[in-house]
Amino acid sequence: MSYKVYIETTGCAVNKFYSEVISGKFIDHGFKLTSDPGKADLIILNACSIKKPTEERMIERAKRLSKYPGHLVVIGCLVNTSLDKLRKLIPMASFFDVNNFLQVIDYVDRLINGERIEVLGSSTDNIIPLLQARKLENPLIAVVPISRGCLGSCTYCVDKLIWGNLKSYPIDKIVDEIKRLIKSGVREIRLSGQDTGPYGWDIGSNLAELLSRVSEIPGDFRIRIGMASPDTIVKVIDDVLDIIASDERFYRYLHIPVQSGSDRILKLMSRKYNADLFRELVRLIRSKLGEYTTIATDIISSFPTETEEDHEETIKLLRDTQPDIVNLSRYGDRPGVPASKIYPKVHSKVSKRRTRELAELIREISYGRNKRYLGRKLEVLFLEIKNSALLGRTHNYRLVAVKNNDLSPGFVSPVKITDITWKTLYGEIVV
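Chemist: When you look at helix α13 (residues 348–371) in this model, what are you seeing that I'm missing?
Modeler: In an α-helix there are 3.6 residues to a turn, and that puts residues three or four apart on one side. Counted at 1.5 Å a residue, the expected span for α13 with its 24 residues is 34 Å, and the 34 Å between its end C-alpha atoms agrees. Those residues of α13 lying buried are Ser351, Arg354, Thr355, Leu358, Ala359, Leu361, Ile362, Ile365, Ser366, Arg369 and Asn370. Structurally, α13 contributes buried residues whose contacts are with α11 (275–289), β13 (294–301), α12 (308–321), β14 (325–330), β18 (412–420) and β19 (425–429).

Right, dumping it as structure tokens:
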């Protein structure tokens, strides 16, 4: 009998990677994947819980999925942060934490038969999740994790509690994984981790050495470097920028999360840099890679004790640096992190107003950065179809949408930009 498995994933690129590996394992074992949880014998929810609203939404989603006939298995970050709540609300479900993502297949017969199982807490220090069967969500795009964990101790973040200290994967295995994916037709490689900046420090290497080896791989593909903290990327930034500049297959894109423009708040966050370091990194990146280099960052609004002066410092930093993309979050306490014990908290009314002001500024800056592309002709690698539009990326990772004229993604074409929003460039393929 061929059992059906439904897999639902939320969260970061690494979460999606693990779901692809799990999907590949199920297919290798003769299972069929279904997009309908109502038809599944086994329902797997790989759920993110990095932010409180996400945690609450995912718990509600787990409750809804538990009402289907198939046995529910919750895996990943949500299990690490919310196990007691999950046990109480969905007592018949099974749970596997982030240390045991890939062991689901080892228990599949028992799970299919409805047995409730918990696999929690065992060490995965020696497990390298590369070079395994994968069912790519998009056959043209592949996440390649280069490490797990980080060296930070941020007071607001549950990532360190979930993923632990930095564990870098061997360069040879990363390179072999990329070669395998390129051979299968992948056109965009996304190098990912909780923090890519300190890659290799635990194994006598560094990010620049990895990127240099990746640049030696032959083939027509693009490479996106994942998020890197200012204090870690600064130690290799010159070599990293030289490598990016020497190989046009690297997107001119860097994601460097600053979190706040206030040095006082950064210290309370236990971030190991000040706002001026971020300013200097932005200046250096644009001087070496050009003014059109896309810089993404993250901002947390209304961290405990944040004053109007702190808030204004963040506004000033954004105006000074003009980041192209900003992921904005309103602070919320997470279980077990030191910031939950920092008082006073910012009143919700004040927090909402500050977050709204930041959101308006972010849209203004992003729209202004995108206006520069109006009327220009850009080379675009098309990677997916969504809502009747063909979507692709420019050399600096700007999102471009064109009307889909029955074309299949996977090709490069010049596009004339005819319209913009603060998030997206719109255009027409130039024949």
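From this point, things continue past the structure.
Chemist: Mind showing me how you'd approach the packing of aromatic side chains here?
Modeler: How two aromatic rings sit relative to each other is given by the distance of their centres and the angle of their planes. Considering all chains together, one arrives at 13 aromatic pairs under this definition. Aromatic side chains Tyr18 and Trp163 sit 6.2 Å apart centroid to centroid with 20° between the ring planes, which places their arrangement in the stacked category. In this pair, Tyr18 sits in helix α1 (residues 13–28) while Trp163 sits in helix α5 (residues 159–163), placing the two residues 145 residues apart along the sequence. Taken individually, Tyr18 and Trp163 each receive the classification buried, so the pair is uniform in this respect. Between Lys345 and the ring centre of Tyr343, over which it is positioned, the NZ or CZ distance is 4.7 Å. Of note, Arg376 hangs over the ring of Tyr292, and the distance from its end group to the ring centre comes to 4.8 Å.

Chemist: Any chance you could explain the pattern of salt bridges here in plain terms?
Modeler: The final tally for this structure, using the stated rule, is 33 salt bridges. Among the ionic pairs, Arg187 bridges to Asp220, the shortest N-O distance being 3.0 Å. Linking Arg187 in the loop between α6 (171–183) and β10 (188–192) with Asp220 in the loop between α7 (207–215) and β11 (222–225), this pair joins segments that are 33 residues apart in sequence. Asp220 sits in the exposed class, given a relative accessible area of 56%.

Chemist: Which parts of the structure should I look at to understand the environment of Val350?
Modeler: Looking at the secondary structure, you find Val350 in helix α13. Among the residues examined, Val350 registers a relative accessible area of 27% and is labelled partly exposed. On a C-alpha basis, the gap between Val350 and Glu308 in space is 9.5 Å, while along the polypeptide they are 42 residues apart.

Chemist: Any chance you could explain the nonpolar core here in plain terms?
Modeler: Proteins that are soluble and globular tend to have nonpolar side chains buried together. Judged by nonpolar contacts, the single largest core of 95 residues is most densely connected at Phe26, Ile178 and Ile189. The element contributing the most residues to this core is α11, with 7 residues.

Chemist: Please clarify how the side chain of Thr10 should be interpreted in this entry.
Modeler: Relative to the helices and strands, Thr10 resides in the loop between β1 (4–9) and α1. Since its relative accessible area comes to 18%, Thr10 is described here as buried. Reaching out from Thr10, the side chain makes a polar contact with the backbone nitrogen of Cys48 at a distance of 3.0 Å. The contacts of Thr10, once residues within four sequence positions are left out, are Asn15, Asn46, Ala47, Cys48 and Met58.

Chemist: Help me out: how do you make sense of empty space enclosed by the protein in this one?
Modeler: Any empty space left between atoms is shown by rolling a water-sized probe over those atoms. On inspection of all chains with the given rule, the structure shows 1 cavity of 30 Å³ or more. In this structure, the largest cavity spans a volume of roughly 50 Å³. In this structure, the largest cavity is lined by Ile141, Glu188, Arg190, Leu383, Glu384, Leu391, Gly392, Arg393 and Leu399. Contributions of two or more residues to the lining of the largest cavity are made by β10, β15 (377–386) and β16 (389–393). The leading source of residues in the lining of the largest cavity is β16, at 3 residues. Residue classes in the lining of the largest cavity are distributed as 4 nonpolar, 1 polar and 4 charged.

Chemist: Explain the sheet that holds β14 here, please?
Modeler: The pairing of strands in a sheet comes from backbone hydrogen bonds and takes either a parallel or an antiparallel form. Strand order across the open sheet formed by 3 strands is β12-β13-β14, with parallel pairing between neighbours. Among the strands making up the open sheet, the edge pair consists of β12 (253–255) and β14. Taking the axes of each pair of neighbouring strands and ignoring which way they run, one obtains an average angle of 15° across the sheet. Bridging between β12 and β13 involves 3 bridges; their strand directions are parallel. By the bridge assignment, Tyr253 is partnered in β13 with Thr294.

Chemist: How do you make sense of the layout of surface pockets when you look at a structure like this?
Modeler: Within this model, the second largest pocket holds a volume of roughly 300 Å³. Along the walls of the second largest pocket sit 14 residues, with Ile7, Ser23, Leu33, Lys135 and Glu137 positioned nearest its centre. Of all elements in the fold, only β1 and α1 reach the threshold of two or more residues within the lining of the second largest pocket. Of the residues assigned to the lining of the second largest pocket, the class counts are 5 nonpolar, 5 polar and 4 charged.

Chemist: Hey, could you run me through the side chain of Thr355 in this one?
Modeler: Here Thr355 lies in helix α13. Each residue touching Thr355, except ones within four places of it in the same chain, is listed here: Ser301, Ser302, Leu328 and Arg330.

Parameters and conventions
Residues numbered from 1 in each chain as written. Predicted model: local features only at pLDDT ≥ 70, side-chain atom pairs only at ≥ 80, totals over all residues. Heavy atoms only, no water. Helix = DSSP H or I, 4+ residues; strand = E, 2+ residues; numbered from the N terminus. Expected span 1.5 Å × (residues − 1). Buried < 20%, exposed > 50% of the residue type's maximum accessible area, 1.4 Å probe, protein only. Contact = heavy atoms within 4.5 Å. Phe/Tyr/Trp six-rings, centres within 6.5 Å; stacked < 30°, edge-to-face > 60°. Lys NZ or Arg CZ within 6 Å of the ring centre and 35° of its normal. Salt bridge = Lys/Arg side-chain N within 4 Å of Asp/Glu carboxyl O. Core = buried A, V, L, I, M, F, W, Y, C linked by side-chain atoms within 4.5 Å. Polar contact = N/O pair within 3.5 Å; in protein donor to acceptor, adjacent residues only side chain to side chain. 1 Å grid on protein atoms, 1.4 Å probe; cavity = no way out; pocket = protein on both sides within 12 Å on 5 of 7 lines; lining within 4 Å. Points joined across faces, edges and corners; volume = space filled by probe spheres on them. Nonpolar A, V, L, I, M, F, W, Y, C, P; charged D, E, K, R; others polar. Pairing = 2+ DSSP bridges. Axes fitted to C-alpha atoms, helices over the stretch in contact; angles between N-to-C directions.

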